[in-house]
Amino acid sequence: MNNYEDSALKEMFIWQEKMKKKPSFSSGMAKGIQNKMNNLIPAKVQNVINTSVENMAKLVLAGSEFSSKRPVTNMSLQEREILAKKAIEFYRTSATVSGAGTGAAGILVGLTDFPILLSLKVKFLFEIASIYGFDVRSYKERLYILYVFQLAFSSDKRRLEIYTQISNWETYVKELPTDISSFDWTTFQQEYRDYIDLAKMLQLVPGIGAAVGGYANYKLMTKLYDTALNAYRLRVFN
């Protein structure tokens, strides 16, 4: 193991400790408040998010749009992570521009940022999987992408569950059904919506939508990058 790999391993250990941290009392209270806030979200907004999330997940599992990437071979971890950094810079910039542009245009246009952002996140994850040498043409690898997505954008309780599952992925995936319809869409949609809705709702407010939209998308893409980086390091080092 070289110096770069040793440093990456240490960073992964720190990340693992964060993932294994049990939900605090305050996070439970925040979840309760969040559930009440959901009742205040317009049905149209909820429908846009739910439909976008389900359609995105189905596309991922079916491999019908994003699976043209081939796994990168014969590269060191450092070389792979240079490519990963270039990838996040591109996708994060695209997401920031989308959030700022749609946020400045009002509620109806602002809603279009939900599916745009989802598409950018998924394309980024497919690219990251390929960069780390995993073949996204495999159903198992596409399923792992959805679990990484959930790990990034879930409550503390759900995050702990997902981390436990992916930390022993090769064994866990054998127990999962291969039927797309068996995927838990409801939990997936709810967790994602709860995670992002406050910032994204502010994006729809006239006057501040552009600033909030750009900043929120930047932070959300950064969170996804940090999660994906370590989730694939976990596979590589294992």
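Residues numbered from 1 in each chain as written. Predicted model: local features only at pLDDT ≥ 70, side-chain atom pairs only at ≥ 80, totals over all residues. Heavy atoms only, no water.

(A) Inspection of the overall build of the protein chain at higher detail. Looking only at helices and strands, the protein chain has 11 helices and 0 strands in total. Along the protein chain, helices (α) and strands (β) appear in the sequence α-α-α-α-α-α-α-α-α-α-α when read from the amino end. Entry remark: accessible area of the protein chain is about 11700 Å², with carbon and sulfur atoms responsible for 58%. (Helix = DSSP H or I, 4+ residues; strand = E, 2+ residues; numbered from the N terminus. Areas by Shrake-Rupley, 256 points an atom, 1.4 Å probe, with all protein chains shown as cover.)

(B) Layout of the nonpolar core. Core analysis: the biggest nonpolar cluster contains 58 residues, and F124, Y147, I166, W169 and Y232 have the highest contact counts within it. Ignoring anything within four residues of it in the chain, the contact list for I166 reads Y144, Y147, L151, A231 and L234. (Core = buried A, V, L, I, M, F, W, Y, C linked by side-chain atoms within 4.5 Å. Buried < 20%, exposed > 50% of the residue type's maximum accessible area, 1.4 Å probe, protein only. Contact = heavy atoms within 4.5 Å.)

(C) Highlighting the environment of F134. Within the secondary structure layout, F134 lies in the loop between helix 6 (113-131) and helix 7 (139-152). Note: C-alpha distance between F134 and Y232 (98 residues apart in sequence) is 9.2 Å.

(D) Inspection of the pattern of salt bridges at higher detail. Enumeration according to the criterion identifies 10 salt bridges in this entry. Its salt-bridge partner being E170, residue K140 comes within 3.1 Å of it at the nearest N-O pair. Of this pair, K140 sits in helix 7 while E170 is found in helix 9 (residues 169-172), placing the two residues 30 residues apart along the sequence. Since its relative accessible area comes to 29%, K140 is described here as partly exposed. Residue E170 is classed as partly exposed on the basis of its relative accessible area, which comes to 39%. (Salt bridge = Lys/Arg side-chain N within 4 Å of Asp/Glu carboxyl O.)

(E) Representation of the packing of helix 1 (residues 3-20) against helix 8 (residues 156-166). Close contact between helix 1 and helix 8 brings their axes to 8 Å; oriented N to C, the two are set at 130 degrees. Between helix 1 and helix 8, the angle is such that the two are oblique. Judged by residue contacts, W15, Q16, K18, M19 and K20 of helix 1 engage R159, L160 and Y163 from helix 8. In the contact of helix 1 with helix 8, the residues fall into 4 nonpolar, 1 polar and 3 charged. (Axes fitted to C-alpha atoms, helices over the stretch in contact; angles between N-to-C directions. Parallel < 35°, antiparallel > 145°, perpendicular 65-115°, else oblique. Nonpolar A, V, L, I, M, F, W, Y, C, P; charged D, E, K, R; others polar.)

(F) Local environment of the packing of aromatic side chains. Tallying each qualifying case throughout the model produces 12 aromatic pairs. The interplanar angle of 45 degrees and the centroid separation of 5.6 Å between the aromatic rings of F134 and Y232 together place this pair among those described as tilted. Taken together, the residues F134 in the loop between helix 6 and helix 7 and Y232 in helix 11 (residues 209-237) connect sequence positions 98 residues apart. Y232 matches F134 in its accessibility class, with the two residues each being buried. (Phe/Tyr/Trp six-rings, centres within 6.5 Å; stacked < 30°, edge-to-face > 60°.)

(G) Structural context of the side chain of R235. Tracing the backbone shows R235 in helix 11. Side chain to side chain, R235 and E141 meet in a polar contact 2.8 Å long. When residues no more than four places from it in sequence are discounted, the contact partners of R235 are F134, E141, Y144, W169 and E170. (Polar contact = N/O pair within 3.5 Å; in protein donor to acceptor, adjacent residues only side chain to side chain.)

(H) Just helix 7, in detail. The end-to-end C-alpha separation of helix 7 is 20 Å, in line with the 20 Å expected for 14 residues at 1.5 Å each. Summarising burial for helix 7: 12 of the 14 residues are buried, a large majority. For helix 7, the complete set of buried residues consists of E141, R142, L143, Y144, I145, L146, Y147, V148, F149, Q150, L151 and A152. (Expected span 1.5 Å × (residues − 1).)

(I) Expanded view of helix 1. Here helix 1 contains 18 residues, and its C-alpha end-to-end distance of 26 Å stays within 8% of the 26 Å for a straight helix at 1.5 Å per residue. Among the residues making up helix 1, those that are buried are A8, L9, M12, W15, Q16 and M19. Down the axis of helix 1, the buried side of the element spans an arc of 125 degrees, and every buried residue falls inside it. The exposed set on the far side of helix 1, more than 90 degrees from its buried face, consists of N3, K10, I14, E17 and K18. N-capping of helix 1 is provided by N2, with a side-chain oxygen placed 3.1 Å from the backbone N of Y4. (Arc of directions from axis to C-beta.)

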